[in-house]
Each structure stands twice: as structure tokens, then as C-alpha cells.
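So the chains spell out like this:
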Amino acid sequence: MTGPAPATGTIPVGPMLSMFEPIYVGIDEFGHPVYIRVIYKNLLAAGEPGSGKSGLMNTLTAHAALSVLARLVLFDGKQVELGMWDDIADEFVGPDLDHAIITLRRLQRVMDNRYTWLRAHRRREIRPGDGISVITSVFDEIALYSTVLGTKAQQEEFITLFRDLVARGRAAAMPVIAATQRPSVDIIPKSLRDLFGYRAAFRCTSSGSSDIILGDGWSAAGISATDISPMNPGEAFLIAEGGTPQRIKAAYLSDADIIALADYAAWTRRTPPPATAAGPAIAVA
């Protein structure tokens, strides 16, 4: 392992992963590995139930869990898709819209603090050497919080706070990873969709749903998630900003894999992370 030796009494995180580095998410149709960099992009995944979204979500969550100076905030209304990462999350939100709103307000305050620091230092984004943790927020099902739980007023407040986090969190090292089973305009309006630098369309039941994720016109151009076989969960079309949808097969972690990784991540976090240069982490995190 290369890099500076950890300070005495600390336990380095496995292979020294970082949220600032590309994350392995699977393979393309030619068998080549596919990497994405979520840190300044955000990611939105959508598709019908059983299409394989949870594989991608857990792969990204695992990378964050095993990264240095990384923290997790998890929103999972079903409590089982992300539940095995509960012990290492700063906050785990279940089917409780009040809890979700309070947590988003706290994230908004942290984000405001970080932008105050950036402005004071005449900077536009947080960088790896700043010693500030990357706070990754993972939402397993947006629709549950925005259309099912709570009152209409609470749902609207959730969407407003969620949109703010997606829009402003990138430069503040607070990326968002979100998924939904309902790719429709009431759940994902275009103005919100376009804030996600990466979008993954798993199998959809209509070309309209596919276009809501990938962007208008792709189904007419012959690229539609309706073409994905229901017998091949994990297959998706992945598009990056300004790019062309790429067919991928998302990596899959079994329950045993997730339990082992979560236990190891919890073990590595028992002591302070490797020493870094004195920085503003406490003040702005």
C-alpha cells in the first residue's frame, strides 16, 4: 500500500478508498469495468421493482463506507435495502417524514457552514486535501417521502430540502445518491432530474419512464430501458452529463457480502481516521 504511514494508534481504512476517486459500479456490454465519480455529480437511479437498483445503491454505499473521511446519511423507508449499513451511518431515517425533514435541515445547515468557509477562503469547492469529510446521502425511495408519508405540506417541504441538497451539495462535498421505483414527472420533474450528473435507467415499463431518467428523445433514438430483459436484473442504461447512454451491468453484493463489508467498515471506524493536516473539518462538518 502506498501513501503516508498512518499515525500510531490508528487503523487505516482497508485499501484507502476515497469518495474523490472513481467508484467501480460494474461492467459495460463488452466486459470492461465502469467507473463513475459521484463527488461533484450526484446519481439518480430508477426502474421497476426487482430491476436491480439496490445492487448499484449498495455498491456505492459500500465504497463510501470504506472511504477515508467519509460519512453516510441513509434514508430508507423500507428499512431493509440500506438497513445493514445502519451501524456506520451518522443518521438512519426510516418511514418517518418528520425525521427525514429534520435530518435534511441539519444537512442544509452543514452545507451552509461549508459554503461560508469556502467563501472565506475564496474557493468554489471542497478538495481532498482540505481534511473535510465527504457526507454522502443515500435515498432508497424518493417517492415514499415525497408522495406517501405525512401531509401534503410535509411532502412539499421534503422536496424543497431535497432539491436544495442535490443542487448545492456537490461543491460542498455532500453528494446525493437517490433511487425510485416510480420514474414519473410528479416524482422526478425535469428541473430536478437535470441536477443529477449521472442517471441510471434500469428496466422500465414504458419509453416515457425511460426518457424521464435518461432525457427526452433517447427512446426515439432507439435507446430505451424497456428493451432490458426482466430476466436480467442489474442491467441498466447509464448516462453522464452531455453523454450518450451506456449499457452496463451493475455490480451485485449479496446479503453476506454487505454484512461482511459493513462489519469491516464499522471495525475500521472504531478509532480516529489517519492523521491529516490541521483543517476546518470540525468547524464545518
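Further up the page is the structure itself.
None of these values were measured; they are calculated from a predicted model.

**Q** Hey, could you run me through the overall build of the chain in this one?
**A** When you go through the chain residue by residue, the secondary structure sums to 8 helices and 10 strands. Looking at the chain as a whole, 50% of its 285 residues are labelled buried. Within the chain, residue pairs in contact and separated by at least 24 positions form 68% of the contacts whose partners lie at least 6 positions apart. When the accessible area of the chain is evaluated, it comes to approximately 12900 Å², of which 54% is carbon and sulfur surface.

**Q** What am I meant to see in the packing of helix 2 (residues 97-120) against helix 4 (residues 152-168) here?
**A** For any two helices packed against each other, the geometry comes down to the angle between their axes and how far apart the axes lie. Interaxial distance between helix 2 and helix 4 falls to 10 Å at its minimum, and their mutual angle equals 30 degrees. Taken together, the axis directions place helix 2 and helix 4 in an arrangement best described as roughly parallel. Taken as a pair, helix 2 and helix 4 cross one another with a handedness that is left-handed. Residues L97, D98, A100, I101, L104, R105, L107, Q108, M111, D112 and Y115 of helix 2 lie in contact with helix 4, whose contacting residues are Q154, Q155, E157, F158, L161, F162, D164, L165 and R168.

**Q** What am I meant to see in the sheet that holds strand 3 (residues 43-46) here?
**A** Backbone hydrogen bonds hold the strands of a sheet together, and the pairing may be parallel or antiparallel. The 10 strands lie next to each other as 2-1-10-9-8-3-7-6-4-5, forming an open sheet whose pairing is mixed. Both outer strands of the open sheet, strand 2 (33-36) and strand 5 (91-93), are each paired with one neighbouring strand and no more. On average, adjacent strands in this sheet sit at an angle of 25 degrees to one another, irrespective of strand direction. Looking at chain direction, strand 3 and strand 8 (residues 198-202) are connected through 4 bridges and run parallel.

**Q** Please explain the packing of aromatic side chains as it appears in this structure.
**A** Each aromatic ring pair is characterised by the separation of its centres together with the angle its planes make. Summed over the entire model, instances satisfying the criterion amount to 10 aromatic pairs. Aromatic ring contacts, followed pair by pair, group F75, F139, Y145, F158, F162 and F196 into a single cluster.

**Q** Is there a simple way to explain the environment of P22 in this structure?
**A** Looking at the element boundaries, P22 is found in the segment before strand 1 (23-28). Classification of P22 by relative accessible area gives partly exposed; the value is 40%. As for P22 and Y35, which are separated by 13 residues in sequence, their C-alpha atoms are 5.5 Å apart. Beyond its immediate chain neighbours, meaning those up to four positions away, P22 contacts Y35, I36, R37 and H63.

**Q** Sorry if this is basic, but what is going on with the pairing of strand 3 here?
**A** The two faces of a sheet get side chains in turn, since along a regular strand they alternate between them. The alternating pattern of strand 3 places L43 and A45 on one face and L44 and A46 on the opposite face, and all of these are buried. In this sheet, strand 7 (residues 176-180) lies alongside strand 3 in parallel orientation, the contact comprising 4 bridges. Across the sheet, residue A46 finds its bridge partner in strand 7, namely T180.

**Q** I tried to follow the nonpolar core on my own but got confused; where do I start?
**A** The biggest cluster of nonpolar side chains holds 45 residues, and the ones touching the most others in it are I36, L43, L56, L60, L72, L74 and W85. At 6 residues, the largest contribution of residues to this core is made by helix 1 (residues 53-65). Setting aside residues no more than four positions away along its own chain, L60 makes contact with I23, V25, I36, V38, L43 and I177. Membership of the second largest hydrophobic core comes to 41 residues, among which are F75, I135, F196 and A201.

**Q** How should helix 4 be read in this particular structure?
**A** Given 3.6 residues to a turn, an α-helix orients residues that are three or four positions apart in the same direction. Given a rise of 1.5 Å per residue, 17 residues ought to cover 24 Å, and the 24 Å separating the end C-alpha atoms of helix 4 matches this to within 8%. Q154, Q155, F158, L161, F162, D164, L165 and V166 are the residues of helix 4 that are buried. Close packing links the buried residues of helix 4 with helix 2, strand 6 (134-139), helix 3 (142-148), strand 7 and helix 5 (190-193).

**Q** Is there a simple way to think about the pattern of salt bridges in this case?
**A** Close approach of charged atoms allows side chains with opposite charge to pair. Applying the stated rule across the entire model yields 10 salt bridges. For R106, the salt bridge is made with E91, and the minimal N-O distance between the two is 3.2 Å. Of this pair, R106 sits in helix 2 while E91 sits in strand 5, and the two are 15 residues apart along the sequence.

**Q** For this particular structure, what's the right way to read the side chain of D130?
**A** Within the secondary structure, D130 is located in the loop between helix 2 and strand 6. At a separation of 2.7 Å, a polar atom in the side chain of D130 contacts the main-chain amide nitrogen of R127.

**Q** Just to check I follow, could you spell out a nonpolar patch on the surface for this structure?
**A** Residues Y24, I27 and Y35 make up a contiguous nonpolar surface patch of roughly 290 Å² in combined accessible area. Relative to the helices and strands, I27 is located in strand 1.

**Q** Would you mind going over the side chain of D211 with me for this structure?
**A** Residue position: D211 is located in helix 6 (residues 207-214). Despite its burial, D211 pairs with no opposite charge, the nearest such side chain being R193 at 7.5 Å. Setting aside residues up to four positions removed in sequence, D211 forms contacts with R193, D216, G217, W218 and S219.

**Q** Hey, could you run me through helix 2 in this one?
**A** Over its 24 residues, helix 2 runs 35 Å from end to end, which matches the ideal 34 Å to within 8%, given 1.5 Å per residue. Of the residues making up helix 2, those classed as buried are L97, A100, I101, T103, L104, L107, V110, M111, R114, W117 and L118. Where helix 2 begins, the side chain of D96 points an oxygen toward the backbone nitrogen of D98, at a separation of 3.1 Å. At the exit of helix 2 stands R122, carrying a positive phi of roughly 55 degrees.

Reading guide: rules and limits
- Residues numbered from 1 in each chain as written.
- Predicted model: local features only at pLDDT ≥ 70, side-chain atom pairs only at ≥ 80, totals over all residues.
- Heavy atoms only, no water.
- Helix = DSSP H or I, 4+ residues; strand = E, 2+ residues; numbered from the N terminus.
- Buried < 20%, exposed > 50% of the residue type's maximum accessible area, 1.4 Å probe, protein only.
- Contact = heavy atoms within 4.5 Å.
- Areas by Shrake-Rupley, 256 points an atom, 1.4 Å probe, with all protein chains shown as cover.
- Axes fitted to C-alpha atoms, helices over the stretch in contact; angles between N-to-C directions.
- Parallel < 35°, antiparallel > 145°, perpendicular 65-115°, else oblique.
- Left-handed = near helix turned anticlockwise from the far one by under 90°.
- Pairing = 2+ DSSP bridges.
- Phe/Tyr/Trp six-rings, centres within 6.5 Å; stacked < 30°, edge-to-face > 60°.
- Core = buried A, V, L, I, M, F, W, Y, C linked by side-chain atoms within 4.5 Å.
- Expected span 1.5 Å × (residues − 1).
- Salt bridge = Lys/Arg side-chain N within 4 Å of Asp/Glu carboxyl O.
- Polar contact = N/O pair within 3.5 Å; in protein donor to acceptor, adjacent residues only side chain to side chain.
- Patch = residues over 30% accessible without salt bridge, like charges linked within 9 Å, V, L, I, M, F, W, Y side chains within 5 Å.
- Lys, Arg positive; Asp, Glu negative; His and termini not counted.

Everything listed here is a matter of coordinates, which is why it stays silent on function.
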